[in-house]
Amino acid sequence: MYGFFAVYYREFLILKRRFPKMMASMSVSPLLYLIAFGYAMGKSVTIHGHTYMEFLVPGLVAMSSMTRAFAIGSEINISRFYWHIFEEFQAAPISNISYVIGETLAGVTRAFFSVGIILMLGLFFGIVLSYDNPLFWLAVFLNSFVFSSLAVGLAMVVKSHADQAMLTNFVITPMAFLGGTFFPVHRLPVWAQKILFFLPLTHASKAIRAAAFRTPVTYSSYVLLAIIGMLFFLGAIHCVNRARD
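Model, not experiment: these values are computed from the prediction. (Residues numbered from 1 in each chain as written. Predicted model: local features only at pLDDT ≥ 70, side-chain atom pairs only at ≥ 80, totals over all residues. Heavy atoms only, no water.)

A.B. asks: Just give me the short version of the environment of serine 74, but keep the residues and values in it.
C.D. replies: Within the element layout of this structure, serine 74 appears in helix H3 (residues 72-83). Relative accessible area serves as the criterion here: at 31%, serine 74 is assigned to the partly exposed category. Taking the C-alpha atoms as reference points, serine 74 and histidine 161, 87 residues apart in sequence, are found 7.6 Å from one another. (Helix = DSSP H or I, 4+ residues; strand = E, 2+ residues; numbered from the N terminus. Buried < 20%, exposed > 50% of the residue type's maximum accessible area, 1.4 Å probe, protein only.)

Pasting the structure below:
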């Protein structure tokens, strides 16, 4: 058994055991957003020829894939602080890069499950977009890869759950609301647009939405996500090396 697969398989078994509860948890927030924002604004607001509900669903896909991929960091922390699983991986013949690959893929898997739930909720509300577009799933994967890699690296740095919660509050939560998920970024002031340009979620939302609408995509967004993802992945390997030392 390859080292990375052993790490991934452990996380998959945990996901499988908790899946009913996690599925319910993954459904609550998107359902509330669809009801509160979709029904409240969807009938009176159109954006680029699409209803607000159609605009919202790809944004929720981007946001949920980010948050669920980043949530793998909390699982790693539990394993480190309470179960001492990371110490067992240290003793096992598993390389650092294998550990990072396994945990990153686990985060990506969680993200894809959450995306599937959102798409099913969208169908329930009558929203059908171009989900068969390969560029849609590529953007979802890159977005998940970025934040899963970031989570693995940060999980090696934090010292407690309080630190993890602080990172979520100061990094993930602001990005979730400002990264083009609920409103078009171009409607903000120019100075705000320039700042948001540096957020990975801004490019992910743009790419996912364009692919879902079958409109011309901006390939630079895919390139930027791939570059950021690789940087975070290499950073995660570096953090694991330091943690093991």
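Now, onward.
A.B. asks: Before we move on, can you summarise the packing of helix H2 (residues 52-70) against helix H9 (residues 200-213) with the specific residues and values?
C.D. replies: Put simply, H2 and H9 touch, their axes get as near as 9 Å, and they point 135° apart. Here H2 is positioned oblique relative to H9, judged by the angle of their axes. Relative to H9, the crossing made by H2 is right-handed. For the pair H2 and H9, the contacting residues are Glu54, Phe55, Pro58, Gly59, Val61, Ala62, Met63 and Met66 in the first and Leu201, Ala204, Ser205, Ile208, Arg209, Ala212 and Phe213 in the second. The class makeup of the residues in the contact of H2 with H9 is eleven nonpolar, two polar and two charged. (Axes fitted to C-alpha atoms, helices over the stretch in contact; angles between N-to-C directions. Parallel < 35°, antiparallel > 145°, perpendicular 65-115°, else oblique. Left-handed = near helix turned anticlockwise from the far one by under 90°. Contact = heavy atoms within 4.5 Å. Nonpolar A, V, L, I, M, F, W, Y, C, P; charged D, E, K, R; others polar.)

A.B. asks: Tell me about the nonpolar core, and name the residues and values.
C.D. replies: Core analysis: the biggest nonpolar cluster contains 70 residues, and Phe136 and Phe147 have the highest contact counts within it. In terms of residue count, the dominant contributor to this core is H2 (twelve residues). Setting aside chain neighbours within four positions, we find phenylalanine 136 in contact with Val61, Leu119, Ser130, Tyr131, Ile208, Ala211 and Ala212. (Core = buried A, V, L, I, M, F, W, Y, C linked by side-chain atoms within 4.5 Å.)

A.B. asks: Quick rundown of the layout of surface pockets? Include the residues and the values.
C.D. replies: Each pocket or cavity is described by its volume, and for the largest pocket that value is around 550 Å³. Every residue lining the largest pocket is counted, 24 residues in all, and those nearest its centre are Pro184, Val185, His186, Lys206 and Arg209. The element best represented in the lining of the largest pocket is H9, accounting for seven residues. A breakdown of the residues in the lining of the largest pocket according to their chemical character gives nine nonpolar, 13 polar and two charged. Lining the second largest pocket are 19 residues, with Ser29, Met63, Thr67, Arg68 and Ile172 sitting closest to its centre. (1 Å grid on protein atoms, 1.4 Å probe; cavity = no way out; pocket = protein on both sides within 12 Å on 5 of 7 lines; lining within 4 Å. Points joined across faces, edges and corners; volume = space filled by probe spheres on them.)

A.B. asks: I'd like a description of the pattern of salt bridges, backed by residues and values.
C.D. replies: Under the criterion given, the structure shown has four salt bridges. Between glutamate 75 and arginine 18 there is a salt bridge, with its nearest N and O atoms 3.0 Å apart. Here arginine 18 lies in helix H1 (residues 3-41) and glutamate 75 lies in helix H3, a separation of 57 residues in the sequence. Given the relative accessible area of 12%, glutamate 75 is considered buried. Residues joined by salt bridges that share partners form a network here, namely Arg18, Glu75 and Arg110. (Salt bridge = Lys/Arg side-chain N within 4 Å of Asp/Glu carboxyl O.)

A.B. asks: Give me helix H7 (residues 161-178): which residues, what numbers.
C.D. replies: Think of an α-helix as 3.6 residues a turn; residues three or four steps apart then line up on the same face. A rise of 1.5 Å per residue sets the reference length of H7, with its 18 residues, at 26 Å; its end C-alpha atoms lie 25 Å apart and thus fit the reference within 8%. Roughly 35° is the biggest bend found in H7, and it falls at threonine 168. Here H7 has its buried residues at Gln164, Leu167, Ile172, Met175 and Ala176. Against the buried residues of H7 lie H2, H3, helix H6 (134-155) and H9. Note on H7: the residue one or two positions beyond its end, glycine 180, has a positive phi of about 80°. (Expected span 1.5 Å × (residues − 1). Bend = angle between axes of the 7 residues up to and from the residue.)

A.B. asks: Any chance you could break down H3 for me, citing the residues and the numbers?
C.D. replies: In a regular helix each residue adds 1.5 Å, so twelve residues correspond to 16 Å; H3 covers 15 Å between its end C-alpha atoms and thus fits that length. Along H3, the residues classified as buried are Ile72, Gly73, Glu75, Ile76, Asn77, Ser79 and Arg80.

A.B. asks: I'd love a proper account of the packing of aromatic side chains, names of residues and values included.
C.D. replies: Applying the stated criterion across every chain, the model contains 14 aromatic pairs. On the basis of an interplanar angle of 85° and a centroid distance of 5.6 Å, the ring pair of phenylalanine 124 and phenylalanine 125 is categorised as edge-to-face. Relative to phenylalanine 145, the ring of phenylalanine 141 has its centre 6.1 Å away and its plane inclined at 15°; by these criteria the two rings are stacked. Highlighted residues: phenylalanine 141 and phenylalanine 145, both in helix H6, separated by four residues, approximately one helical turn. (Phe/Tyr/Trp six-rings, centres within 6.5 Å; stacked < 30°, edge-to-face > 60°.)

A.B. asks: Let's hear about the environment of isoleucine 76: which residues, and what values?
C.D. replies: Among the secondary structure elements, isoleucine 76 is positioned in helix H3. C-alpha separation for the pair isoleucine 76 and alanine 151, spaced 75 residues apart in sequence, amounts to 9.0 Å. Those residues in contact with isoleucine 76 that sit more than four places away from it in its chain are Tyr99, Glu103, Val152, Ala155 and Met156.

A.B. asks: Tell me about unusual backbone geometry, and name the residues and values.
C.D. replies: The backbone phi angle of arginine 214 is positive, close to 60°, even though this residue is not glycine. Tracing the sequence through the fold places arginine 214 in the loop between H9 and helix H10 (219-244).

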